[in-house]
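Breakdown of the fold
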Amino acid sequence: MAIQSQSQVGAAPVLSRPYALLAEFDTPADALHAAEKVRDAGFRKWDVHTPFAVHGMDAAMGLKNSKVGWFSFFGGVLGLTTGMLMIWYMNGFDYQIVVGGKPLFSPLYAFPVSYELTILFASFATLFGMFGLNRLPRLHHPLLKNRRFLQVTHDKFFVVIETADPRYSETETRKLLESSGSKHIEMVEEA
Amino acid sequence: MAQVTTVKVQAPPAELEREPLVLNNRGLGWISDKIAGIAEGKTPKWWWPAFIISVTLMMMMFTCVAYLISTGVGVWGLNQPVGWAWDITNFVFWIGIGHAGTLISAVLFLLRQKWRTSINRAAEAMTLFAVVCAGIFPVIHTGRIWFALYPGYLIPAPNSNAIWPQFRSPLLWDVFAVSTYGTVSLLFWYVGLVPDLATMRDRATTKVRKFAYGLFAHGWTGANRHWRHYETAYLRLAGLSTPLVLSVHSIVSFDFAVSQVPGWHTTIFPPYFVAGAIFSGFGMVLTLMLPLRTICGLQDVITLRHVELMGKVILATGSIVGYAYAMEFFIAWYGGNPYEKYAFMNRAFGPYWWAYWSMVSCNVICPQLFWFKKIRRHVVIVFIISIFVNIGMWFERFVIIVTSLHRDYLPSSWGYFMPTWVDVCTFIGSFGLFGTLFLLFMRFLPIIAISEVKGVTPQADPHHPLGGAKSGGHH
């Protein structure tokens, strides 16, 4: 670490430093097979960028199921509780409204509104949970400055291995990506 | 992993292939270019006249609303005994139209109906704009609308006597149902838009466009670690929207069914309203999408198969609606309640017979033509039928509301509702609002979900030869 930081100090005038190795593929199958190779090589800080969600890519990358569902669940529980408590407080406690001698509070009449709030809160929790887990919004990203990478939302597939990965090596990693059939490999720099 | 098999992947036999969702074997890049191009290219010549007409109609509606608010609800034709008329008819009409968007985006997603991808974006936009149109009517029909916001009978806030809203009222449930529906539809639509906004950002040629699309794309890079959470979140939102859409129109029907009015007080209302909502919504989807498909040259993405499938949904829901009409009559007779029986006889053969039979012809008879494949695949006929469906469903709400109210128990309090020019102009103007929003949407956002349509092509399948699969057997 010490050597690394020294070299950074020494290279102070250089504005950009390597961020990641970018390998371009033409088809989802090629990207999928490359991902399997990278996964088996034991990399951690890497990703596959695709124009759409490629079926089977999670397994090829060795990713587990997303935890977004928990956000939805707790959001829903919070919504239901909020609805019931709110209606109990408003109609059954703070200003009691007697209607036809019925109980001041009943979960039955409170249900439709609480049900809507369950869905409302769960949806917001899902949305924010998804963005939170993805660490988004992130408007500045080294990849977004790369002209070639713009094709990722068009029809190209990219495997990106960060230089910060402990297994990263300038030559070996490049060889690995070459062997997986990439036609174009380039270094992305962090400005 | 060690065994590498050399089985060559062949294209599946022709009889196993379904009719493709994207015709002419279009590539991934073509899909981006075609769909994003609609929002990027020069404004087409037809757009400006359409926009000016829509904005004019919208201004007409706002003028009428201003006149109504400044004068009072007496400028409308409603009075005792018909206290609800075009206002609530329009509300239920518009909110029902919204339901097809959610059905296409959420229910068909859960049912893995891949054909939804080429229509869901526009249908969800339609939902949002329809909810906007719908939301106006219940607010303005209350008269002194400033009390809706403060002290607030629409939001749960205590009034000037410190009394909170009454949560036993279906009208208050409706407030929560419709506002939740609008909000969740917006979230769902926006989540679906994020990858496409990134596409628009990466294609942008001007700094302003790049910044604007980039801001709303949140820095999306198509990373699979993101797709993983994204896909799960999308599935959860679909799972949440499905019970939501069913609840919204059920609660709208409670506005009537929970009351004691003969003709309204029926248990069949929730499922019948939901089926009717989907029916009317698909009618509006076809009314919008068929001209768009031709004008924007989207025949390869919105194929005849899509049109045909929507026709089948209209046939199915139209038949359910027809069954509900028949069942209402049967129960009115079988239930033995003379007031109920009278309400229904009066509905079909009383002074509003013309409205009732317009409704039956448009909603029950007209969609039966979709039993024929030739008709389901004939774009012009489908378009005409879709307009009849829209008309019929407006009449359905009018019939339910006005015919049930116009003859009270005592003949001395019978009446006949006639709309005033303010009623008519407000309703027609609401189409202007809808049109304005939709035209703006199609000029600035991709009207078809680009990334989703890419995902259902064979080029996107890593196990299909077109997706680059060379050797099989190892997954």
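These figures come from a predicted structure and were not determined experimentally. (Residues numbered from 1 in each chain as written. Chains lettered and ligands numbered in written order. Predicted model: local features only at pLDDT ≥ 70, side-chain atom pairs only at ≥ 80, totals over all residues.)

Examining the overall build of chain A
In plain terms, the rule: Each helix is a run of DSSP H or I of at least 4 residues and each strand a run of E of at least 2, with the numbering of both proceeding from the N terminus.
Within chain A one finds six helices and four strands. When the helices and strands of chain A are placed in sequence order, the string is α-β-α-β-α-α-α-β-α-β. Counting only C-alpha atoms, chain A reaches 80 × 40 × 30 Å along its principal axes.

What to know about the overall build of chain B
Short version of the rule: By the convention adopted here, residues are in contact when the distance between their C-beta atoms, placed from the backbone, does not exceed 7 Å.
When helices and strands are tallied, chain B shows 16 helices and zero strands. Overall size of chain B, expressed as C-alpha extent along the three principal axes, is 85 × 50 × 45 Å. Across chain B, contacts joining residues at least 24 apart in sequence account for 81% of those joining residues at least 6 apart.

Quick word on helix 9 (residues 269–295) of chain B
Residues and elements named next belong to chain B. Note the following rule: Each residue after the first adds 1.5 Å to the expected span of a helix. Remark: C-beta atoms are placed from the backbone, and a residue is labelled buried if 20 or more other C-beta atoms sit within 10 Å of its own, exposed if 12 or fewer do, or partly exposed between those counts.
When the terminal C-alpha atoms of helix 9 are compared, their 39 Å separation across 27 residues agrees well with the 39 Å that a helix rising 1.5 Å per residue should span. Here helix 9 lies mainly inside the structure; 19 of its 27 residues are buried. The positive-phi residue at the C-terminal boundary of helix 9 is Gly297, with phi of around 65 degrees.

Considerations on the sheet that holds strand 1 (residues 17–25) of chain A
All names here are of chain A. To keep things clear, this is the line we draw: Strands qualify as paired when DSSP identifies two bridges or more between them. Axis definition: a line fit to C-alpha positions, over the contact stretch in the case of helices; interaxial angles, taken between N-to-C directions, run 0 to 180 degrees.
The antiparallel open sheet is built from four strands, whose spatial order is 2-3-1-4. The open sheet has two free edges, formed respectively by strand 2 (46–49) and strand 4 (184–190), since each of these has just one partner strand. Within this sheet the neighbouring strands show an average axis-to-axis angle of 25 degrees, counted without direction. Bridge count between strand 1 and strand 4: seven bridges; the pairing is antiparallel. The residue bridging Glu24 from the neighbouring strand is His184, located in strand 4. Lying on the sheet, helix 6 (residues 170–179) is in contact with strand 1, strand 3 (157–162) and strand 4; it crosses strand 1 at an angle near 10 degrees.

Describing the nonpolar core
Soluble globular proteins tend to pack their nonpolar side chains together in the buried interior. What counts, and what does not: The nonpolar core is taken to be a set of buried Ala, Val, Leu, Ile, Met, Phe, Trp, Tyr and Cys residues joined by way of C-beta atoms within 7 Å.
Among the nonpolar cores identified, the biggest contains 184 residues, and Ala35 and Val159 of chain A together with Met126, Ala130 and Val285 of chain B are the most heavily contacted of them. In terms of residue count, helix 6 (residues 170–203) of chain B provides more of this core than any other element does, 15 residues in total. If sequence neighbours within four positions are ignored, Ala35 of chain A has contacts with Val48, Met57, Ala60, Met61 and Val159 of chain A.

Quick word on the pairing of strand 2 of chain A
Residue and element names in this part refer to chain A. Of the two faces of strand 2, both are covered, the one formed by Trp46 and Val48 as well as the one formed by Asp47 and His49. Sheet topology places strand 2 next to strand 3; four bridges connect them, and they run antiparallel. Residue Asp47 lies in a different strand from strand 3, and its bridge partner there is Val160.

Brief notes about the pairing of strand 1 of chain A
The side chains of a regular strand alternate, first on one face of the sheet and then on the other. All names here are of chain A. For strand 1, a buried count of seven out of nine residues is recorded, marking the element as mostly surrounded by other parts of the structure. Taken together, the six bridges between strand 1 and strand 3 define a ladder with antiparallel strand orientation. Bridge pairing links Ala20 to Glu162 in strand 3.

Digging into the interface of chain B and chain A
It is common to give the size of an interface as the accessible area lost on bringing the parts into contact. To keep things clear, this is the line we draw: Polar here means any residue outside two lists: the nonpolar Ala, Val, Leu, Ile, Met, Phe, Trp, Tyr, Cys and Pro, and the charged Asp, Glu, Lys and Arg; Gly therefore counts as polar.
Residue-level contacts link 58 residues of chain B with 63 residues of chain A. Those elements that provide at least two residues to the side of chain B that touches chain A are helix 1 (28–40), helix 6, helix 8 (224–257) and helix 16 (450–455) of chain B. No other element matches helix 8 of chain B, which puts 17 residues into the side of chain B that touches chain A. The residue makeup of the side of chain B that touches chain A, split by class, is 27 nonpolar, 22 polar and nine charged.

Details of the environment of Gln299 of chain B
Looking at the secondary structure, you find Gln299 of chain B in the loop between helix 9 and helix 10 (304–334). Considered as a pair, Gln299 of chain B and Met58 of chain B are 241 residues apart in the sequence and their alpha carbons are 31 Å apart.

Quick notes on the environment of Phe51 of chain B
Residue and element names in this part refer to chain B. Structurally, the position occupied by Phe51 is in helix 2 (residues 47–71). Accessibility expressed as a C-beta count within 10 Å gives 16 for Phe51, which makes it partly exposed. When the C-alpha positions of Phe51 and Tyr67 are compared, they lie 24 Å apart, and in sequence the two are 16 residues distant. Phe51 has contacts with Thr436 and Leu439, leaving out every residue within four places of it along the chain.

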